[in-house]
Amino acid sequence: MTARPVAAGLAIDNLSVVYDEFTAVDNVSIRVEPGQSFGIVGESGSGKSTILRAVCGLAPRTAGAVSLVAPPGDRTGALPAPGSREFRRRVQMVFQDPYGSLHPRQTIDRTLAEPLAIHRMGDAETRIERALDEVGLGKGFRFRYPHQLSGGQRQRVAIARALILEPQILLLDEPTSALDASVQAEVLNLLEEMRRRHGLTFVLVSHDLAVVTHMCERLMVMQRGRRVEELSADDLALSRVSDPYTQRLMVASRGFRRGGPEAA
Amino acid sequence: MNGPSVADMLVVDDLRVAFPNREGGMTEAVRGVSFRLGRERLGIVGESGSGKSQTGRAILGLTAPEGRVTANRMEFDGIDLLHSSARQRRALRGGRIAMVLQDPKFSLNPVMSIGDQIVETLDAHARVSRREARDRALETLRQVQIDNPERVFDLYPHEVSGGMGQRAMIAMMLIADPDLLIADEPTSALDVTVQLQLLAILDRLVTDRGMGLVFISHDLRLVSTFCDRILVMYAGKVVEELSAGGLQDAQHPYTRGLVNCLPRLGEHRHPLPTLDRRPEWAL
Ligand SMILES: Nc1ncnc2c1ncn2[C@@H]1O[C@H](COP(=O)(O)OP(=O)(O)OP(=O)(O)O)[C@@H](O)[C@H]1O
Ligand SMILES: Nc1ncnc2c1ncn2[C@@H]1O[C@H](COP(=O)(O)OP(=O)(O)OP(=O)(O)O)[C@@H](O)[C@H]1O
Ligand SMILES: [Mg+2]
Ligand SMILES: [Mg+2]
C-alpha cells in the first residue's frame, strides 16, 4: 500500500446553493474533524444531496466556502482547494442510487480504470484487483456489467471506485437505502472497516436514524435547505433533542401508527 | 391463508416466473408463490433478489419478454389474468390495477416535466380541460406533501430529489385511482416523516375506498407496523407468513436473521451481525 497522506477533515462555511430563484441550501456550515464521521438527516428535498454535490463541484456554489481541514499540529503544507484535480481525488462521493450511478454499458474494469486514468495514477492492473478485493468482490467480477450484479454488489463497486483513488474523505449519499437489511449490514461493516484501515473522514446522508447513529459521532438535522440543529449521536439515541422537527423524526422512525399524527 | 376480508380480489396460486440462463435452460426467480388478497394491506419482504418485484410484475403482466410465467391460478376480481390478452392486461393496468415501480428515475420520462406526466395520466382517465387538469395535478402534488407544487410541476426528473421522484410516481397512482395497487418500494428514498404521511394516504385508500394493497419493501420495521399480513420471501419462495406487528415473533431463522442485521438506535454493535445463509432455506 502506498503511504497515504494523513487524514483530512472538511469544513463548509456558510454554503448556499441557489437554482434560479430557488434556494436549495441556505447558509449551512459544518465542520468535520479529520477521521470523524458526520451524519446529515432531514426532510426529503431539504438539500442534503445538494450539499455533498456542491462540495464536489457538481452543484453550483452560490455563496460560502469549502475547505479541507488538516489534523492539529500538521504542517505538511498547503491543502488543495476545491475544484483542483487534487481536491477531486481526495474527496470522493458515493451516490444515492446504486442503479443509476454505474454506467450500464461499461464493465466494472472500465468503471474502475477511468478515474485512475483521469488522475494519472499508474499501476492500474494492481490497483483494480486490490480495490475489488478490498470490497469483497473477487477478480471474477472484473469483466462483468452492472446489470449482472445485485444491488449490494453494485454498491460495493461504487465504493471500490471511490476508494481506488486513495481519498481522505468519502461523501456517502444514502449508501444503503436501496439495500436489504443483510446487505446493508455488510456494506456498513465494510465502510467502517475502510474508515479504520485508511483513516478516512465520512460525511453520511441517510434518512435512517439508526444507521446514522451507528455510523456517526455527530449529525446535523436539515429542513428546507437549513440546518435545524446539530447534535451528537448519543443525544439522539437518548432522545436529548430540542427541535420539534427532530422530535417528529424520532417518533416517525419507530414506524407507522394507525391514527397517528400523519393520519390527519 | 385467508385475509380479514371475505371477498378476495386477487388470487395467486403457485406462481412461477423463470428466465433463460446461460446454460441454455431456465432459472426460476419465483418458485411457487401463493396468496390471496382482500381489501387489505399485504406486505412482501425479503432480501434483494428474492423475487418480490418479479412477483408484482407478473401480476401486472410486466414480466420481461424473455421470462416465462406459469401458475395454477392468477385471478383479479374473477378475471383470469393468465389467459387475458395483452390488450386486456393493458386496459387493466391503465385503470383498475396500478403499480408504483421500484425505480422512479427509470419509470419517469426524462424528457417530460413532472407536471406534464401527471396531466398525461389524468388525460388517460378523465375528460378535463387543460386548466382543470393542471389544477388537479397541482392538488395531487400537494397531497403527496410536495412543498411547492407550482415549482415542481415544471421540473424535469433530473431536477428533483430522490424522494420527490417517488412522490411524483405516487401522485400518478392517486390520479389513476385503482382498485388494486402494487407498490414496489414506494417510499424507500423518503425521510421517515414524509414516508408516514404517504403511508397514511395509502392506508385511507384501503380503509375508505376498499383498495387492495400489495406493499413490497425491504424495510422490515415499516412493513411490520403498516401491513395487516406479511409474506417473507427467500430465493423465490414464501418461507413464512406473519401477522401485523409479528416481526418479533418470526420463527424462520432467515426472518430472525434479517431483523437482527438492523442497526438499532442506542445500541452499539460493531460490526453488525450479518446473515449466515443456509442451503436448506432455499429448498
Ligand atoms: N438542477 C436542479 N434544478 C432545480 N432545482 C434543483 C436541481 N437540483 C436540485 N434541485 C432542488 O434542490 C432541492 C434539494 O434537493 P436535494 O436533492 O439536495 O434534496 P435531498 O435533501 O437530498 O432530498 P432526498 O432525501 O429526497 O434525496 C430540491 O427541492 C430539488 O428540487
Ligand atoms: N430479465 C431477467 N433475466 C434474468 N434474470 C432476471 C431478470 N429479471 C430479474 N431476474 C432475476 O430474478 C430474481 C428476482 O428478482 P427481483 O427483481 O424480483 O428481486 P427483488 O426481490 O425485487 O430484489 P430487490 O430487493 O433487489 O428489488 C433475481 O435473481 C434477478 O436477477
Ligand atoms: Mg438526496
Ligand atoms: Mg425489487
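Residues numbered from 1 in each chain as written. Chains lettered and ligands numbered in written order. Predicted model: local features only at pLDDT ≥ 70, side-chain atom pairs only at ≥ 80, totals over all residues. Heavy atoms only, no water.

Labelled according to an unreviewed UniProt entry, chain A appears under the name Glutathione import ATP-binding protein GsiA, originating from Alsobacter metallidurans. Its UniProt record gives chain A the following Subunit (unreviewed entry) comment, quoted word for word: "The complex is composed of two ATP-binding proteins (GsiA), two transmembrane proteins (GsiC and GsiD) and a solute-binding protein (GsiB)." Per UniProt, chain A carries the Function (unreviewed entry) text "Part of the ABC transporter complex GsiABCD involved in glutathione import. Responsible for energy coupling to the transport system." (UniProt positions renumbered as here; feature names shortened; annotations may be inferred.)

Focus: helix H6 (residues 181-198) of chain A
A rise of 1.5 Å per residue sets the reference length of H6 of chain A, with its 18 residues, at 26 Å; its end C-alpha atoms lie 26 Å apart and thus fit the reference within 8%. In terms of burial, H6 of chain A is largely enclosed, as 14 of its 18 residues are buried. (Helix = DSSP H or I, 4+ residues; strand = E, 2+ residues; numbered from the N terminus. Expected span 1.5 Å × (residues − 1). Buried < 20%, exposed > 50% of the residue type's maximum accessible area, 1.4 Å probe, protein only.)

Some remarks on the pairing of strand S11 (residues 237-243) of chain B
The side chains of a regular strand alternate, first on one face of the sheet and then on the other. Residue and element names in this part refer to chain B. As defined by bridge partners, strand S10 (residues 229-234) adjoins S11 across six bridges and the pair is classed as antiparallel. Bridge pairing in S11 places methionine 233 opposite valine 238. The antiparallel pairing of S10 with S11 creates a hairpin that spans two residues between the two strands, and alanine 235 there sits at a positive phi of about 45°. (Pairing = 2+ DSSP bridges.)

Some details on the site of ligand 1
Around ligand 1 lies a shell of 21 residues, among which Ser44, Gly45, Ser49 and Thr50 of chain A together with Arg151 of chain B are the nearest. Each of chains A and B places residues near ligand 1. Note that an oxygen atom of ligand 1 is positioned 2.8 Å from one of the side-chain N or O atoms of lysine 48 of chain A. In the environment of ligand 1, an oxygen atom lies 3.0 Å from a nitrogen or oxygen atom belonging to the backbone of glutamate 159 of chain B. Going through the elements one at a time, strand S2 (22-32) and helix H1 (48-55) of chain A together with helix H7 (162-176) of chain B are the ones with two or more residues in the shell around ligand 1. Residues of the shell around ligand 1, tallied by class, amount to seven nonpolar, 10 polar and four charged. (Near = heavy atom within 4 Å. Polar contact = N/O pair within 3.5 Å; in protein donor to acceptor, adjacent residues only side chain to side chain. Nonpolar A, V, L, I, M, F, W, Y, C, P; charged D, E, K, R; others polar.)

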